[in-house]
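# Remarks on the overall topology
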Amino acid sequence: MTQVSTIAAIRFGYGLGPKSKPLNKTELLGGFAGADSIAKKFPVNSTKVVLQQVLAMRRAKKAANQKPADRERYDATRKALKNTAALGLLQATARVLDTDNAFFERLNWFWADHFTAVGKNLATRALAPAYLDEALRPHVAGRFADMLKAVITHPFMLTYLDQVSSFGPNSAIGKRRNKGLNENLARELLELHTLGVGAGYGQHDVRQLAELLTGLGLSKKQGFLFNPGISEPGTKTILGVQYGGEHPNLEDIFSALENLAAHPETAHHLARKLAVHFVSDQPDPDLIKHMTKAYLGSDGHLSAMYQAMLEHPAAWQSLGQKAKQPFDFILSILMAMGLTGQEFLNQKNKKLQKSVNNSLSAMGQPFMRAPGPDGWPEAANEWITPQGLANRITLSVRVSKFFRDRVTDPGDFLRATLADAAGERLIWAVSQTEDTREGITLVLASAEFNRR
Amino acid sequence: MSKPSLTRRGLLKSLSVLGCSAAAHPLLTTVTFASVPGDARLVVLILRGGMDGLDVVQPVGDPNYAIARPNLQSEAQDLDGYFALNNGLADLMPLWQSRELAFVHAVSTPYRDKRSHFDGQDLLEAGTTPDAGFAISRDGWLNRLLQVMPGATGETAFAIGQENLKILSGDAPVSNWAPNTKLNLSERARMLLTEAYHDDPLFRGAALEAMELADLMVNDAATDAAASDEMQAMMRQDGGRSDNALAAFAADRLNHDTRIACFSINGWDTHRNQGGALNRALPRLAQSILTLKQGLGDNWAQTTVIAMTEFGRTARENGTAGTDHGTGGLMVLAGGAVAGGKVYGRWPGLAEADLYDRRDLMPTGDVRSVAGWAMADMFGLDRSALEGAIFPGLELGQNPGIIL
């Protein structure tokens, strides 16, 4: 049996490192209160700030079109937006490296994947970090329904799944401008965000929900805005429940989201996804059942579901059933090297920062750019392909050069990084290395380090 | 704890004699001895996101088309008097004229009603029939093709790109690689890593395949058969991640012992501003096909490219100058082996009563039949292999005669 502290660090965190202190089951949930302070220590730009930057860029562009001399100012506004976007990966990395509760950061990224949204141009890409901090982070330990409402009203999601351009065909503005529905968000909301594709909903429910969601709009200065002028009037029936009437309002939408969040199929869908993400690609059905029950019995409180996961024996068995996704693989490396958040952000480490970003793309997981709204694949064999593993090995070789001064003895590095998770053959192979770099490469490229 | 069973003395000895292979991997060791299964080459392109067939090959001869799409008026060129080709594929017109380009309209997989991209794509790649009691299988139909193909080796089929393609997953060995992937490890580090992976089949298998493929690429690049400088430059585009890089790499492999290649092209989920979105996606598809043709040279004459998508889109445009998820769609076929210059399929019409669910283009054919007949003609497979092993539960129907 692998020690609890090893499993806690590797399965529920970003692995072991010289700075990490051993955690037990209770401590994993105990440190959620500290999540705010780490976000404050490494902040990102809020939606409000980003919208101002976008407006500034658009104004500067107009000016530059009329007067070429103003081109420089336009370039500066673009640069500002690019920096805002780049801050996402930088601060996320720094937070993980310095946090006292890696489990919270893992959960944060789990929900970011569950509610995948991708920026399609510079202006929207710059909103990605704000989306995570405003729509997800405050609710990671709260109620799922609250997270759902925050996501569905965030400009980043509204833009990504086209909701901002969906108009009620019979709304005042829809009729005047001859605009109509777009089903994109409504369908993914049922299929991906709440009930799950196997649940008992149909095209009629998708259509009715699309009608109900009209009204979710944007203002260029304020961000989210409910606009009754684009809302489809009339009652909508979703899964047999009626919503709305002649005077559309946001509360009708929120009441549908509450009901969807409270649906047993949603509970099961979320429990299964969490168990798959953290424990196993084929999780124990009893674990899912236990988590589903905790969710339904707690008015959809996510902490109750996490606690149910952590108290179930299946969560502490057979380490290594999952493969770390590239983002977690890279962060585990930095963790193993004992890098601090400040060190990572240091100007001197520009090359390392760039390399983290490029390596994510090379390993098939460009930062916050999943190929579709269903996010990244979970199964180990989706990632540990010949080409995927070749890229991980190549990165391990490069890292072993970059960080060689941080490791004196490969055997010590192996013990500090994998503790009792290292297998006999790996221990033997590391003992046979002739130089430190080779040892570091073996540890980082090993199956034990890439699994959790 | 029991000790690993290998003898460390033996391994240490072999470590000192560098250069010998770490293990016999079934993937490539047989290649030298096996004969390549024929000259026919098949490239399958998976168009992820649900391509709107109605906008790509537009049924301008159907009076209901203009009614269904008052605001989606993309430029198109006449194909056969009834259908017109979206100008996003204008670069393929020379292939249409030389009869190396064909389309099959109003086709779909057996997937119905839920209209999920992800289930739709899984079923497209699995090639099974869910309503006939066959679950969405874990292996893909191109892998099942390899299982019945005489002389197939691990190099016969290539899954190209970073993603793990389900369509090629299964019991038959295939090669998985992305262009521009390197594996610079000392022989010694390879041996130690192979030893460390020994008890983990997933890592062991992937590492052995990676090592053999990395070597294969290095060796092929050093021989006379290497691709031209221009094609090699293409393979490095965008770190080997662009569509063009995938196409150039596919052509290079198909010029060697590979006969089946597959990769995917994204960008077809056109819920809004479809005109703009297709103007980006279609030229990428056209360029991929043209890069394949250029790279394949004389081998293009024996090549069939089949591009397929998980579903078509709504017959009517939606309220945001786009279309939502639908059912019946379009297949694109190209290559010297294709009986081109023709839009195949049975046109169901676009009157409301003719639509599926009063919403989508009615599928009148199954994409698996089209692919099945193509494979039958290319690789000499019989009907029972197609209806039994490759597409279980499918009734192939009449041969549309798409392969010359």
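Residues numbered from 1 in each chain as written. Chains lettered and ligands numbered in written order. Predicted model: local features only at pLDDT ≥ 70, side-chain atom pairs only at ≥ 80, totals over all residues.

### Details of the overall build of chain B
- A count of helical and extended segments in chain B gives 13 helices and twelve strands.
- Here chain B holds 404 residues, and 55% of them are scored as buried.
- Partitioning the contacts of chain B with sequence separation of at least 6, the portion at a separation of at least 24 is 74%. (Helix = DSSP H or I, 4+ residues; strand = E, 2+ residues; numbered from the N terminus. Buried ≥ 20, exposed ≤ 12 C-beta atoms within 10 Å, placed from the backbone. Contact = placed C-beta atoms within 7 Å.)

### Quick word on the overall build of chain A
- Broken down by element type, chain A carries 26 helices and four strands.
- Considering only C-alpha atoms, chain A reaches an extent of 75 × 65 × 40 Å along its principal axes.
- Counting only residues that meet the buried cut, chain A has 53% of its 452 residues in that class.

### A look at the environment of Trp-316 of chain A
- Relative to the helices and strands, Trp-316 of chain A is located in the loop between helix H17 (302-311) and helix H18 (326-336).
- Sequence-distant contacts of Trp-316 of chain A, defined by excluding residues within four places in its chain, comprise Val-4 and Ile-7 of chain A.

### Considering helix H10 (residues 243-255) of chain B
Residues and elements named next belong to chain B.
- With 13 residues, H10 extends 18 Å from end C-alpha to end C-alpha; this agrees with the ideal 18 Å at 1.5 Å per step.
- With eleven of 13 residues buried, H10 lies mostly within the body of the structure.
- When H10 is considered as a whole, its buried residues turn out to be Asp-243, Ala-245, Leu-246, Ala-247, Ala-248, Phe-249, Ala-250, Ala-251, Asp-252, Arg-253 and Leu-254.
- Looking at the buried residues of H10, the elements they touch are strand E1 (41-47), strand E6 (157-160), helix H9 (229-235), strand E8 (260-265) and helix H11 (274-296). (Expected span 1.5 Å × (residues − 1).)

### Quick word on the sheet that holds strand E3 (residues 76-78) of chain B
- Read across the open sheet, the three strands follow the order E2-E4-E3 (chain B); overall the sheet is antiparallel. Across the chains shown, the open sheet's two edge strands, defined by having one partner strand only, are strand E2 (57-58) and E3 of chain B. (Pairing = 2+ DSSP bridges.)

### A few points about the nonpolar core
- Ranked by size, the top nonpolar core spans 257 residues in total, and within it Met-291 of chain A together with Ile-160, Ala-250, Cys-262 and Met-331 of chain B carry the most contacts.
- In this view, Ala-250 of chain B contacts Val-43, Phe-158, Ile-160, Ala-261, Phe-263 and Leu-292 of chain B; residues no more than four positions away in its chain are not counted. (Core = buried A, V, L, I, M, F, W, Y, C linked by C-beta atoms within 7 Å.)

### Side note on the interface of chain A and chain B
- Counting from both sides, the interface comprises 50 residues of chain A and, opposite them, 50 residues of chain B.
- Those elements that provide at least two residues to the side of chain A that touches chain B are helix H12 (184-193), helix H20 (350-362), helix H21 (380-383), helix H22 (386-402), helix H24 (424-431) and helix H25 (436-445) of chain A.
- Take the side of chain A that touches chain B: its biggest share by element is nine residues, from H22 of chain A.
- Looking at the side of chain A that touches chain B, its residues break down into 19 nonpolar, 21 polar and ten charged. (Nonpolar A, V, L, I, M, F, W, Y, C, P; charged D, E, K, R; others polar.)

### Some words on H11 of chain B
- For H11 of chain B, spanning 23 residues, the distance from its first C-alpha to its last is 32 Å, which sits close to the expected 33 Å at 1.5 Å a residue.
- Looking at the residues trailing H11 of chain B, positive phi occurs at Gly-297 of chain B, about 55 degrees.

### Observations concerning the environment of Ile-46 of chain B
Residue and element names in this part refer to chain B.
- For Ile-46, the position within the fold is in strand E1.
- Taking the C-alpha atoms as reference points, Ile-46 and Val-107, separated by 61 residues in sequence, lie 15 Å from one another.
- Residues within four places of Ile-46 in sequence aside, it is in contact with Ile-167, Ser-264 and Met-308.

### Comments concerning unusual backbone geometry
All names here are of chain B.
- The phi dihedral of Arg-99 is positive, around 60 degrees, even though this residue is not glycine.
- For Asp-357, which is not glycine, the phi dihedral falls at a positive 60 degrees.
- Along the polypeptide, Asp-357 turns up in the loop between strand E11 (342-344) and strand E12 (365-366).
- Overall, the presence of 13 C-beta atoms within 10 Å leaves Asp-357 in the partly exposed class.

### A closer look at the confidence of the model for chain B
All names here are of chain B.
- Of all residues in chain B, 89% attain a pLDDT of 70 or more, and the chain-wide mean is 90.
- A low-confidence stretch, residues 1-10 stays under pLDDT 50, and its non-local contacts, those more than four residues away or across chains, total six contacts.
- Ignoring residues within four places in sequence, the model shows residues 14-34, a span with pLDDT below 50, making 32 contacts including any to other chains.
- Interface confidence in the predicted complex, given as ipTM, is 0.95; pTM for the same model is 0.92. (pLDDT = per-residue confidence, 0-100.)

### A short note on the packing of H22 of chain A against H25 of chain A
All names here are of chain A.
- Between H22 and H25, the least distance of the axes is 8 Å, while the angle of their chain directions is 140 degrees. By the criterion of interaxial angle, the relationship of H22 to H25 is oblique. In the crossing of H22 with H25, the sense of the turn from one axis to the other is right-handed. Along the contact surface, H22 presents Arg-392, Ile-393, Ser-396, Val-397, Val-399, Ser-400 and Lys-401, while H25 presents Arg-437, Ile-440, Thr-441, Leu-444 and Ala-445. (Axes fitted to C-alpha atoms, helices over the stretch in contact; angles between N-to-C directions. Parallel < 35°, antiparallel > 145°, perpendicular 65-115°, else oblique. Left-handed = near helix turned anticlockwise from the far one by under 90°.)

### Quick word on the pairing of strand E10 (residues 329-334) of chain B
Residue and element names in this part refer to chain B.
- In terms of residue burial, E10 counts as a mostly covered element, since six of its six residues are buried.
- For strand E9 (residues 303-309) and E10, the ladder comprises three bridges, and the chain directions are antiparallel. Its bridge partner lying in E10, Ile-306 is registered against Leu-333.

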